[in-house]
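# Inside the fold
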There are 2 protein chains.
Amino acid sequence: MEITFLGTSSGVPTRSRNVSSVALRLPQRAEVWLFDCGEGTQHQLLRSDLKSSQIRRIFITHMHGDHIFGLMGLIASCGLAGTGQPIDLYGPAGLEDYLKACAKYSYMNFSSRISVHLIQPGRVYEDENFTVSCLKLTHRVPAYGYRVEEKDRPGRFNVEKAIALGIPSGPLYGKLKQGQTITLEDGRKIRGTDLCDPPETGRKFAYCTDTVFCDAAVELAQDADVLIHEATFAHQDAQLAFDRLHSTSTMAAQVALLGGVKQLIMTHLSPRYAPGNAIDPRNLLEEARAIFPNTRLAKDFMTYEVPRNRTQDEPWQVAS
Amino acid sequence: MEITFLGTSSGVPTRSRNVSSVALRLPQRAEVWLFDCGEGTQHQLLRSDLKSSQIRRIFITHMHGDHIFGLMGLIASCGLAGTGQPIDLYGPAGLEDYLKACAKYSYMNFSSRISVHLIQPGRVYEDENFTVSCLKLTHRVPAYGYRVEEKDRPGRFNVEKAIALGIPSGPLYGKLKQGQTITLEDGRKIRGTDLCDPPETGRKFAYCTDTVFCDAAVELAQDADVLIHEATFAHQDAQLAFDRLHSTSTMAAQVALLGGVKQLIMTHLSPRYAPGNAIDPRNLLEEARAIFPNTRLAKDFMTYEVPRNRTQDEPWQVAS
Ligand SMILES: [Zn+2]
Ligand SMILES: [Zn+2]
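Note that this is a predicted model, so its numbers are computed, not measured. One numbering rule holds for all chains: residues counted from 1, following each sequence as written. The order in which chains are written sets their letters, starting at A; the order in which ligands are written sets their numbers, starting at 1. At least 70 in pLDDT is required for a residue's local features to be given in this predicted model, at least 80 for side-chain atom pairs to be given and counted, and no such filter applies to totals for whole chains, interfaces and linings, which use all residues. Side-chain metrics in this entry use all non-hydrogen atoms of the structure; hydrogen atoms and water are not considered.

### A short note on the coordination of the zinc ion (ligand 2)
Around a metal, the ideal angle is 109.5 degrees if four donors adopt a tetrahedral arrangement and 90 or 180 degrees if six donors adopt an octahedral arrangement. Residue and element names in this part refer to chain B. How we decide: Only nitrogen, oxygen and sulfur atoms qualify as donors, provided they sit within 2.8 Å of the metal or within 3.2 Å for Na, K and Ca; with water excluded from the atoms, sites may seem incomplete. Here a site with four donors is tetrahedral if all angles are between 85 and 135 degrees, and a site with four or six donors is square planar or octahedral if opposite donors are over 155 degrees apart and the other angles are between 65 and 115; anything else gets the irregular label. In DSSP terms, a helix is any run of H or I states spanning at least four residues, a strand is any run of E spanning at least two, and both are numbered starting from the N terminus. Each residue is placed in one exposure class: buried if its accessible area under a 1.4 Å probe, protein chains only, is under 20% of its type's maximum, exposed if it is over 50%, and partly exposed if it falls in between.
Every protein donor of the zinc ion (ligand 2) is listed here as Asp66 (OD), His67 (NE2), Asp210 (OD) and His268 (NE2), and their distances to the metal cover 2.1 to 2.5 Å. Each of the four donor atoms around the zinc ion (ligand 2) contributes to a set of angles spanning 92 to 162 degrees, which defines the coordination as irregular. Along the chain, the residues donating to the zinc ion (ligand 2) are arranged with the sequence spacing D-H-x142-D-x57-H. With His67 in helix α2 (residues 65-68) and Asp210 in the loop between β12 (204-208) and α8 (215-221), this pair connects stretches of sequence that are 143 residues apart. What makes His67 buried here is its relative accessible area of 0%.

### Details of the side chain of Ser247 of chain A
Residue and element names in this part refer to chain A. To keep it simple, the criterion reads: For this analysis, a polar contact is any N or O atom pair within 3.5 Å, provided that within protein one partner can donate a hydrogen and the other can accept it, and provided that sequence-adjacent residues contribute only side-chain to side-chain pairs. Any two residues whose heavy atoms approach within 4.5 Å at even a single point are treated as in contact.
For Ser247, the position within the fold is in the loop between α9 (238-244) and α10 (249-259). Engagement of the side chain of Ser247 in a polar contact is seen with the backbone oxygen of Thr211, the distance being 2.5 Å. Every residue in contact with Ser247, bar those within four places of it in the chain, is listed here: Thr211, Val212, Phe213, His229, Glu230, Ala231, Thr232, Phe233 and Ala241.

### Focus: the packing of helix α4 (residues 95-105) of chain A against helix α4 (residues 95-105) of chain B
So the rule is basically this: Orientation is described by axes fitted as lines to C-alpha atoms, over the contacting stretch for helices, and by angles from 0 to 180 degrees between their N-to-C directions. Here is the rule for angles: anything less than 35 degrees is roughly parallel, anything more than 145 is roughly antiparallel, 65 through 115 is roughly perpendicular, and the remaining ranges are oblique. Crossings are classed by handedness, with left-handed meaning an anticlockwise turn of the near helix from the far one by less than a right angle and right-handed meaning a clockwise turn. Three classes are used, and their members are as follows: Ala, Val, Leu, Ile, Met, Phe, Trp, Tyr, Cys and Pro are nonpolar, Asp, Glu, Lys and Arg are charged, and the others, Gly among them, are polar.
It is the contact of α4 of chain A with α4 of chain B, at a shortest axis distance of 10 Å, that shows an interaxial angle of 165 degrees. Relative to α4 of chain B, α4 of chain A is oriented roughly antiparallel. Here the hand of the crossing between α4 of chain A and α4 of chain B comes out left-handed. When α4 of chain A is examined against α4 of chain B, the residues Asp97, Tyr98, Ala101, Cys102 and Tyr105 of chain A are found in contact with a partner set consisting of Asp97, Tyr98, Ala101, Cys102 and Tyr105 of chain B. Each residue belonging to the contact of α4 of chain A with α4 of chain B can be placed in one class, and the counts come to eight nonpolar, no polar and two charged.

### Re the environment of Tyr304 of chain B
Residue and element names in this part refer to chain B. Structurally, Tyr304 is set in strand β16 (residues 303-305). Along the sequence, Tyr304 and Glu2 sit 302 residues apart, while their C-alpha atoms lie 5.7 Å from each other. For Tyr304, the contacting residues outside a window of four places in its chain are Met1, Glu2, Ile3, Val226, Gln263, Ile265 and Arg296.

### A closer look at the UniProt feature "binding site: Zn(2+) 2" (unreviewed entry) in chain A
Residue and element names in this part refer to chain A. The criterion, for reference: UniProt positions are given in the numbering used here, feature names are shortened, and annotations may be inferred rather than shown by experiment.
The sites that UniProt annotates as "binding site: Zn(2+) 2" (unreviewed entry) are Asp66, His67, Asp210 and His268. The largest pairwise C-alpha distance within this set of annotated residues, which runs over 203 residues, is 10.7 Å, so the set is compact in three dimensions. Note on Asp210: relative accessible area 1%, which makes it buried. With sequence-adjacent residues up to four places away left out, Asp210 is seen in contact with His62, His67, Leu137, Thr138, His139, Ala143, Glu230, His246 and His268. Of note is the side chain of Asp210, whose polar atom sits 3.1 Å from the side chain of His62. Along the chain, His268 falls in the loop between β14 (264-267) and α11 (281-291). In terms of polar contacts, His268 uses its side chain to reach the side chain of Asp210, at 3.1 Å.

### A look at the relation of the copies chain B and chain A
Definition in use: Each copy is superposed on the other by least squares, with the fit set by C-alpha atoms of residues at a pLDDT of at least 70 in both.
When chain B is fitted to chain A, the best match, at an RMSD of 0.2 Å, comes from turning it 180 degrees and sliding it 0.1 Å along the axis. Within this description, the copies of the chain are treated as partners about a two-fold rotation axis. Among all C-alpha atoms of chain B, that of Gly40 of chain B lies closest to the rotation axis, at 2.7 Å. Counting the interface residues of chain B, we find that 100% of their copies in chain A are interface residues as well, pointing to one common contact surface.

### Here we look at the coordination of the zinc ion (ligand 1)
Residues and elements named next belong to chain A. The protein atoms that coordinate the zinc ion (ligand 1) are Asp66 (OD), His67 (NE2), Asp210 (OD) and His268 (NE2), at distances of 2.1 to 2.5 Å. In this structure, the zinc ion (ligand 1) is coordinated by four donor atoms arranged in irregular fashion, with angles at the metal of 93 to 161 degrees. Mapping the donors of the zinc ion (ligand 1) onto the primary sequence yields the spacing D-H-x142-D-x57-H. Placement of the pair is Asp66 in helix α2 (residues 65-68) and His268 in the loop between β14 and α11, with a sequence separation of 202 residues. Of the two residues, Asp66 and His268, both sit in the buried class.

### Describing the packing of aromatic side chains
Residues and elements named next belong to chain B. Put simply, the test is: Only centres within 6.5 Å qualify two rings of Phe, Tyr or Trp (six-membered ring in Trp) as a pair; their planes then separate them into stacked at under 30 degrees, edge-to-face at over 60, and tilted for everything else.
Taken as a whole and judged by the stated rule, the model has 22 aromatic pairs over all chains. Note on Phe59 and Tyr90: the rings are 4.6 Å apart at their centroids and 15 degrees apart in plane angle, and the pair reads as stacked. With Phe59 in strand β4 (residues 55-59) and Tyr90 in strand β5 (residues 87-91), this pair connects stretches of sequence that are 31 residues apart. Like Phe59, the residue Tyr90 is buried in the burial classification.

### Quick notes on unusual backbone geometry
Of the consecutive residues Thr209 of chain A and Asp210 of chain A, the connecting peptide bond is found in the cis state with omega at -15 degrees. For Tyr107 of chain A, which is not glycine, the phi torsion reads 55 degrees and is therefore positive. Mapped onto the elements of the fold, Tyr107 of chain A is located in the loop between α4 and β6 (114-118). For Asp36 of chain B, which is not glycine, the phi torsion reads 70 degrees and is therefore positive. Inspection of the secondary structure puts Asp36 of chain B in the loop between β3 (31-35) and α1 (41-46).

Here is the structure:
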């Protein structure tokens, strides 16, 4: 699970920060999931280590242009590349109609590769390894934060111990791996849980943008390994944040603190805080760290590998 | 009159070439006119010497995504910048509805700053210095080439000569400047044309994309100072050009030759001819030059100043 920031500016691109997009790479399945897709996202992908051909899902928070104007170009380019990979899109009301209108006027045929799913608060997607859910944030237009939960991995089954206990290999191993208790022919009862390492807790990733401070963000962030939260404004510009329903650095930090997250990364910075101006992004970072020390500031192409929650080092496991 | 290429790739962006957009800078009026606006045009503007705030008109050739997907973001950013400059857009059927649909779904309010004009073959725009006209090209969807004509400038009125001839300054000068013939009190007849330099022929700029070879392109290119013509394919891929209704390098050169232009610049190159591949852009340039020697190959951020058609050097005139 590796996060790459493709755009970290708010509203408009600057020379160093593009508009919103975050890539979540899942190396174990050779997939990339995008969160938001501002104009120029496909260009940023070209300049990154990510492969556009691996994009499998795109989650859209809200319909403001700086979060969606890169969708059509990306979809068109993926289509021209002819990889044929299906792409599932998730987003609020209007997303499908927007894409259909753009496709119509630009003479583009999506075919059946593209599926658009209307999101509602709650579960958005689930498979054997991941659950994605969303909640409604507080912004000027309907906006949703996302939470991706990796499912817990069962602990390793200790074959050596099973052999030492004289348990015959075969169907009994399967039961023990599932944590069941079995009775051997000699009458001994063996508990599977005694032969398995504790399960590895899955990682949790939360993505909250655009929003002013809200309870839904705290809920999405609960115990997250990493929280990406917007921080459009510095603390001293809190009035602007309330007026425009965006967050300050200190609101982002409050969400991280109340959510009990391990790592906060702030993004969606207003271009007004360009380095050299009276307030610059480092000031926002200091403000947030005063409340939640484990805070970082996103920049374009920054990559963050979400660490696995291993209970002990298991060098024989391939890192993913 | 200065041309800057903001995107020179066909269909999809590459690391070195963005999708279509060409800027025509008119320094004498501090205006920039864009021709096409593919995704990422506003990003290219940020990296160029051009000022987005000077964009006054945008001419769209056709509704394929690689020519229009940057419009919404550019308009939004110009709006957020709050310059308040009106922008007139010109394009084929569907352009206005496309923009309205995008604005609706992205909660954007264009206000009255943006006017969209539906183009028809013939005159598209005219003011005291310029005429813009269009003709229909031959592409898979309705596509129009543009021709910008600068109006001829009256020749300089030779004040020194008028004084030497003893013509009293005043209203007579105005008549002479207009080329009229006057009669002095002493009976001498003076022809204004004898006191004026010959008029300076205005420059002509033609922009032809996307199209296969067609008569309309030749007509648009007639006697142009500079012709920008698409050259998606190399000559050996002519069958692809005919199938997809794009041009080869040799078709672009034929248009330049038949139009009697001064300079051809080829753009809209297929990414398949990236340097290092079997055919690279220099091959397309050689093919074109064999037919029309005065050919250049566009690249992103290349600037071409269209020379004025001065009959003689006039160092006291400010170059524009
Ligand atoms: Zn935003
Ligand atoms: Zn094109």
